[in-house]
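Survey of secondary and tertiary structure
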Amino acid sequence: MKILHTSDWHLGQSFFTKSRKNEHAAFLKWLLNEVETHSVDALIVAGDVFDTGTPPSYARELYHEFIGALQTKKCTLIVLGGNHDSVSVLNESKALLRYLNSHVIASTFGDADDQVITLEDSQGNCGAILCAVPFIRPRDVIISSAGQDAVEKRQALGDAIKQHYATLFQKAVSLREASSSASDKLIPIIATGHLTALGVSQSESVRDIYIGTLEGFDASGFPPADYIALGHIHRPQKVAGKAHIRYSGSPIPLSFDELNTQKQVVLVDFDGDENGPEITTISVPRFQAMQVIKGDLATIEQKMTTSDDI
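Worth saying up front: this structure is predicted, and the values here are computed from it rather than measured.

Definitions and limits used
- Residues numbered from 1 in each chain as written.
- Predicted model: local features only at pLDDT ≥ 70, side-chain atom pairs only at ≥ 80, totals over all residues.
- Heavy atoms only, no water.
- Helix = DSSP H or I, 4+ residues; strand = E, 2+ residues; numbered from the N terminus.
- Buried < 20%, exposed > 50% of the residue type's maximum accessible area, 1.4 Å probe, protein only.
- Contact = heavy atoms within 4.5 Å.
- Areas by Shrake-Rupley, 256 points an atom, 1.4 Å probe, with all protein chains shown as cover.
- Axes fitted to C-alpha atoms, helices over the stretch in contact; angles between N-to-C directions.
- Parallel < 35°, antiparallel > 145°, perpendicular 65-115°, else oblique.
- Left-handed = near helix turned anticlockwise from the far one by under 90°.
- Nonpolar A, V, L, I, M, F, W, Y, C, P; charged D, E, K, R; others polar.
- Salt bridge = Lys/Arg side-chain N within 4 Å of Asp/Glu carboxyl O.
- Phe/Tyr/Trp six-rings, centres within 6.5 Å; stacked < 30°, edge-to-face > 60°.
- Patch = residues over 30% accessible without salt bridge, like charges linked within 9 Å, V, L, I, M, F, W, Y side chains within 5 Å.
- Pairing = 2+ DSSP bridges.
- Expected span 1.5 Å × (residues − 1).

Counting its regular elements, the protein chain contains 7 helices and 14 strands. A total of 310 residues make up the protein chain; the buried ones form 51% of that total. Pairs at least 24 apart in sequence give 71% of the contacts found in the protein chain among residues at least 6 apart. Of the roughly 14700 Å² of accessible surface on the protein chain, a fraction of 48% belongs to carbon and sulfur atoms.

This part covers the packing of helix H1 (residues 21-37) against helix H2 (residues 57-70). The relative placement of two packed helices is expressed as an angle between their axes plus a distance between the axes. Contact pair H1 / H2: the axes reach a minimum separation of 11 Å and the direction vectors enclose 10°. With respect to their mutual orientation, H1 and H2 come out roughly parallel. At the point where H1 passes H2, the crossing takes the right-handed sense. On the side of H1, the interface is formed by Lys21, His24, Ala25, Leu28, Leu31, Leu32 and Val35, while H2 contributes Tyr58, Leu62, Phe66, Ala69 and Leu70. Grouping the amino acids of the contact of H1 with H2 by side-chain chemistry returns 10 nonpolar, 1 polar and 1 charged.

According to the stated counting rule, one finds 6 salt bridges in the structure shown. One salt bridge in this structure joins arginine 235 and aspartate 257, with 3.5 Å as the shortest N-O distance. Separated by 22 residues along the polypeptide, arginine 235 in the loop between strand S10 (227-231) and strand S11 (237-239) and aspartate 257 in the loop between strand S12 (242-247) and strand S13 (264-269) bring together distant segments of the chain. Taking the relative accessible area as the measure of exposure, aspartate 257 reaches 26% and is therefore partly exposed.

This part covers the packing of aromatic side chains. The description of an aromatic ring pair uses the distance of the two centres, along with the angle that the planes make with each other. Tallied over the full model, the rule gives 10 aromatic pairs. Between tryptophan 9 and phenylalanine 66, the ring centres sit 5.4 Å apart and the planes meet at 80°, which makes this aromatic pair edge-to-face. Of this pair, tryptophan 9 sits in the loop between strand S1 (2-6) and strand S2 (14-15) while phenylalanine 66 is found in helix H2, placing the two residues 57 residues apart along the sequence. Both residues of the pair, tryptophan 9 and phenylalanine 66, belong to the buried class. Taken together, Trp9, Phe27, Trp30 and Phe66 form an aromatic cluster joined through their ring pairs.

For the rest of this paragraph, the subject is the side chain of glutamine 264. Turning to its location among the elements, glutamine 264 is positioned in strand S13. The exposure class assigned to glutamine 264 is buried, which follows from its relative accessible area of 13%. Those residues in contact with glutamine 264 that lie beyond four places of it in its chain are Pro236, Ser248, Gly249, Thr281, Ile282, Ser283 and Val284.

On the surface, Phe16, Phe256 and Val292 cluster together into a nonpolar patch covering about 310 Å² of accessible area. Within the fold, valine 292 resides in the loop between strand S14 (278-283) and helix H7 (297-306).

What follows concerns the sheet that holds S11. Read across the open sheet, the 6 strands follow the order S7-S8-S9-S10-S12-S11; overall the sheet is mixed. Looking at strand neighbours, the two that pair on one side only are strand S7 (116-120) and S11, the edges of this open sheet. Strand-to-strand twist across the sheet, computed as the mean angle between neighbouring axes with direction ignored, equals 35°. One ladder, built from 5 bridges, connects S7 with strand S8 (residues 126-131); its direction is antiparallel. For leucine 119, the partnering residue across the bridge sits in S8 and is alanine 128.

Here we take up H1. Look at H1: 24 Å from first C-alpha to last across 17 residues, which is about the 24 Å you get at 1.5 Å a residue. Among the residues of H1, those classed as buried are Glu23, His24, Phe27, Leu28, Trp30, Leu31, Leu32, Glu34 and Val35. In this fold, the buried residues of H1 make contact with S1, strand S3 (18-19), strand S4 (42-46), H2, S13 and S14.

Relative to the helices and strands, phenylalanine 50 resides in the loop between S4 and H2. Taking the C-alpha atoms as reference, phenylalanine 50 lies 8.5 Å from glycine 82; in sequence the two are 32 residues apart. Contacts of phenylalanine 50, omitting those with residues within four sequence positions, involve His10, Leu11, Pro55, Ala59, Arg60, Tyr63, His84, Asp85, Val89 and Leu90.

Just geometry here; none of it tells us what the structure is for.
Right under this line is the structure:
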């Protein structure tokens, strides 16, 4: 069972008035090729599909064209809502996409059973179970109580998020037990999230998201899943030094301070190894040259006329 983890596409973003349409189109074409090359069974997009809650029409077209093209790859798509995404925009095509082997989880509101998804391998068997957690809005997991101070609110919200993960994980365990036989290999459980974990390295393009008054989520609150696919932080990195808890990062640089960061997607291969999945990163090409030039006017002019990347 092979999973490809990506996030933070931010389709529709304009960078200093420059559209990123061509870059995003090139990335999605490249991504389709990687899905086919590596025989990926499921593709997880861990939030922020779009850059705003009202994405331009071309961004929606790129999104739907990609899903259509993915149908020839025999790959399940899981789309999680991010803090930039509109729940209603993602949900407007959710019912239709269900018929295209695609799952859209825009929010945690609703039946928790819908957030536990069985992922099939190439043979049509249960290859993994996914706890599909998008960006968590406070109103979906907690009811504020009068008289709570800031510390109590942070604690209550952190506990509620931890409990939400625990609830989904227990459902996944029960589903795994019902799907497995004594002779089967243990079915892996995957979880997702779109949040800021404590201790991560951010970039200028990340707009802080405070889930209520919670500035960061302690990694100890995640369930003991075999892999946790995170979104929101644009620099790819492990969380709390654990190889199986990762931010894939954004596929294109969304700010100048990301130019020295190699963009990537994460390939997770569950081959039944008791030591955990094989996790490898796949470097994303730079589809549009970006460069920072510093100096006086003469120096800048000289560099602009001689640089091959401008």
